[in-house]
Structure formats: C-alpha cells, structure tokens
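A structural walkthrough
Each chain, written out:
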Amino acid sequence: MLAVNLPNHSYQIIVKKGALDNCGQWVKSLWKEQKIAIITDSNVEKLYADKVKQELNDVGFEAEVLVVPAGEKSKSLQCASDLYDQLADLGFTRSDGIIALGGGVVGDLAGFVASTFMRGLHFLQIPTTLLAQVDSSIGGKTAVNTQKAKNLVGTFTQPDGVLIDPFVLKTLDDRRIREGIAEIVKSAAIADKVLWEFLGTLSDEHDLLNHAEKVITAALNVKKKVVEEDVFDHGSRLTLNFGHTIGHAIENTAGYGVVSHGEGVAIGMMMINSHAEALGLSPKNSTQALKTMLERFHLPTSYPELDAQAIYTAITHDKKARGSQLKIITLKEIGQAQITPIPIENIKEYIKGEN
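The structure reproduced in this document is the subject of the present report. (Residues numbered from 1 in each chain as written. Predicted model: local features only at pLDDT ≥ 70, side-chain atom pairs only at ≥ 80, totals over all residues. Heavy atoms only, no water.)

1. Re unusual backbone geometry
Put simply, the test is: Only DSSP runs of H or I covering at least 4 residues are called helices, and only runs of E covering at least 2 are called strands; the numbering of each starts at the N terminus.
Its identity is not glycine, yet Arg119 carries a phi of approximately 65°, on the positive side. Within the element layout of this structure, Arg119 appears in the loop between α4 (104-116) and β6 (122-127).

2. Some remarks on the nonpolar core
Here is the rule we go by: Grouping buried Ala, Val, Leu, Ile, Met, Phe, Trp, Tyr and Cys residues that are joined through side-chain atoms within 4.5 Å yields what is termed a nonpolar core. To sort residues, take the accessible area from a 1.4 Å probe on protein chains only and compare it with the maximum for the residue type: under 20% means buried, over 50% means exposed, and anything in between is partly exposed. Boundaries between domains were set according to an automatic or database domain assignment. Note on definitions: a residue-residue contact is assigned when non-hydrogen atoms from the two residues lie within 4.5 Å.
With 96 residues, the main nonpolar core has Ile13, Val185, Leu199 and Ile347 as its most contacted residues. When residues of this core are assigned to their parent elements, the largest contribution, 9 residues, is made by helix α9 (residues 212-229). Each of domain 1 (2-170) and domain 2 (174-350) accounts for three or more of the residues forming this core. Contact partners of Ile13, with chain neighbours within four places excluded, come to Met1, Leu2, Val4, Ile138, Val162, Ile164 and Leu220.

3. Comments concerning the layout of surface pockets
For clarity, the cut-off: Here a cavity denotes a set of grid points, spaced 1 Å apart and computed over the protein atoms alone, in which a 1.4 Å probe fits but from which it cannot get out, and a pocket denotes an open set meeting protein on both sides within 12 Å along at least five of seven lines; residues with an atom within 4 Å of a point are reported as lining. Grid points are joined across faces, edges and corners, and a volume is the space filled by probe spheres set on the points. Polar here means any residue outside two lists: the nonpolar Ala, Val, Leu, Ile, Met, Phe, Trp, Tyr, Cys and Pro, and the charged Asp, Glu, Lys and Arg; Gly therefore counts as polar.
Here the second largest pocket defines a volume of roughly 180 Å³. Leu6, Pro7, Asn8, His9, Phe156, Thr157, Gln158, Val231 and Phe232 are the residues that line the second largest pocket. For the lining of the second largest pocket, the class distribution of residues is 5 nonpolar, 4 polar and no charged.

4. Focus: the packing of helix α10 (residues 244-254) against helix α11 (residues 261-279)
Test applied: The convention used is that axes are lines fitted to C-alpha atoms, helices contributing only their stretch in contact, and that angles between N-to-C directions extend from 0 to 180 degrees. Orientation is classified from the angle alone, with under 35 degrees giving roughly parallel, over 145 giving roughly antiparallel, 65 to 115 giving roughly perpendicular, and any other angle giving oblique. By definition, any crossing whose near helix is turned counterclockwise from its far helix by less than a right angle is left-handed, and any crossing with a clockwise turn is right-handed.
In contact at an axis separation of 7 Å, α10 and α11 are set at 130° when each is read in the N-to-C sense. On the basis of the axis angle, α10 is oblique to α11. α10 and α11 meet at a crossing whose hand is right-handed. Within the contact between the two elements, α10 uses His244, Ile246, Gly247, His248, Ile250 and Glu251 and α11 uses His261, Gly264, Val265, Ile267, Gly268, Met271 and Ile272. Its residues assigned to classes, the contact of α10 with α11 comprises 6 nonpolar, 6 polar and 1 charged.

The following block contains the structure:
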C-alpha cells in the first residue's frame, strides 16, 4: 500500500493481486452509503462491471453502470455532456460518487465528469490497464481531448483512493501491456536507476508481468514523489513529461488510436534524447541504452510516417507550450531527469531526432 500525501487531500493506493474481489469493502471503508456511478467502457463492461456493481450493492451502495464506447474518441466534451445528462436523470447530487473502472481514457473522462458535475462528486479509480495503473490513475489530472490537441480541457482533482489489481492485466493483449511498459521505462529513466537495472534483467513484456506488483509499485513511487512535490505541474512534476511533448503530437497527427499513447511516448523519448545527446544535454550512449530497453519490450523507437511540420503544429497547441518557450525533459543520466527550457521553434530539431 502506498500513500499520496498532499496538503489538502491525501489518499491511499492499494496494489494487490485479487484486490477487485473485495472492492465493495474497500469503497465502504472510504465512503458513506450513497449513489455510485461506475463509469466504464464497452470492453471493460463485459469483463468487470457486473462484478463491481454487485460488490457495491452487497455492502449497501446504490450502484449504476454508465458505459461509453471503448477508445480515445470517448475522451471528448460530447461524451462528458452525455454522462452529465445520465447523472442528472439518475438524480445524482454532490453527496454521491463516481468510480472510474477502466483504462486511461475512462479514468480521465470519469475524473473530469466527477470534478465538474455539480462542481464536484466523490471520485475513486479502479484502473484496469497497465498504463492507467502506473500512470494516469494517480496524480489528479483529468482531461478530455479536442480536435486541436490531446488533453486540452481538464481539471486537477485527486481521487479518494486507487485500487490496483494486477490480475486484471491478464485480459489485455500484448500491445496494451507494452503501452504501460513505456511509462514504466520512462519512470525508471527519469528517477529510478534501481528499477532501470531490474527492467534490464527481464526478458520481455510477459516476464515483466510475472513481477507486476513490484514493478507497478516502483513506477508509482516515482510518480507519487513528484506529485507530492508539485501538485499542479509547474515544477518538478514536468519531468514526468519525458517523451510526451512529441509523443502526444504523434498521437494527434496519426489520428487517435493509430499510435497508442505508450508508443508515442517511446518514440518521443527517442527523438528528444537523440538530439539532446547530440547537443551534450544527455549523456553519451544514453539514446542507445533507451533504444535497447524499449526494444526489449517490443516498443517502437522510430516513426517512419513522420510529418515534422504537422507534429510541430500540434506541439504549439499543446498545453506544455508556455508562450514562446517550451520546457523539454532530458536525461542528466539514466535515473535522473532535468528540465530544459528551449525556444519553441527549436523543437523542430528534436523532431528530426538526429544524433
């Protein structure tokens, strides 16, 4: 069990195989009896929604399941509006709660809805993908996408708790597992050399799942520490964006879902670090070390369909761009990141990824 200790809203993260079997008791330990909307997607609904609903009903909650279509397209203002209408029809008030049951799309969307419906409902996260378990389920960022950029509209709202059951990962295909591993590799590269060295002992993504509790907990510790230092993403928390500035732009220009978040981050880390190494901002051979690690888990390290101008345009719409400057994340060494401000037009050289 981990605790995210924040000045006004601390909460616990449970990482335990089989934890979903007792999710009703977990919610009861955190909330009084109330209405609960379980927001999930059309894939996860078939796997876990009935189980979670029954668990909640058995301990005295009045639970309903609200389903959105699976996929990044559901992370939209239109989908949020549809959920507002459903909550209103069900008579939800500020005394009621929302549980996000799903991956990062569901977590971001449900969190956004929970933070904005009636100016805020109770909120819990039960992430069911490796990516959500190690990254998006903690830290309080919620968002929806627009046609201009990913995560352009959002809020900061911390959950009341996070329940992580590695057993649910067995229903994921290899591509979804690898998507989460990209964030684990990122976490190790920016802040945990011990985790980096452990990842180097694993043979592939299937081997990593054999050590899921250990790896998930280590990656969460990285995020937990920077969230506690920088709740609103103005300082050290920016280090979590290693690979994301370019990665998000690749996702956007490819069309959401064509390149996954994890794939975009993997490619983005390579592009950023390659040019940073050429400039002496990152250590010699660090790009090769990244490439070797990413390839170990069958993640992409390049993007043949690169449209540099389109990616640059997407980056200028990204919320990470502040005025005429952009803060990029580079590696001081494997296991330690640094924030490097550059003129925004200079990102064009990083997009080329030349070394």
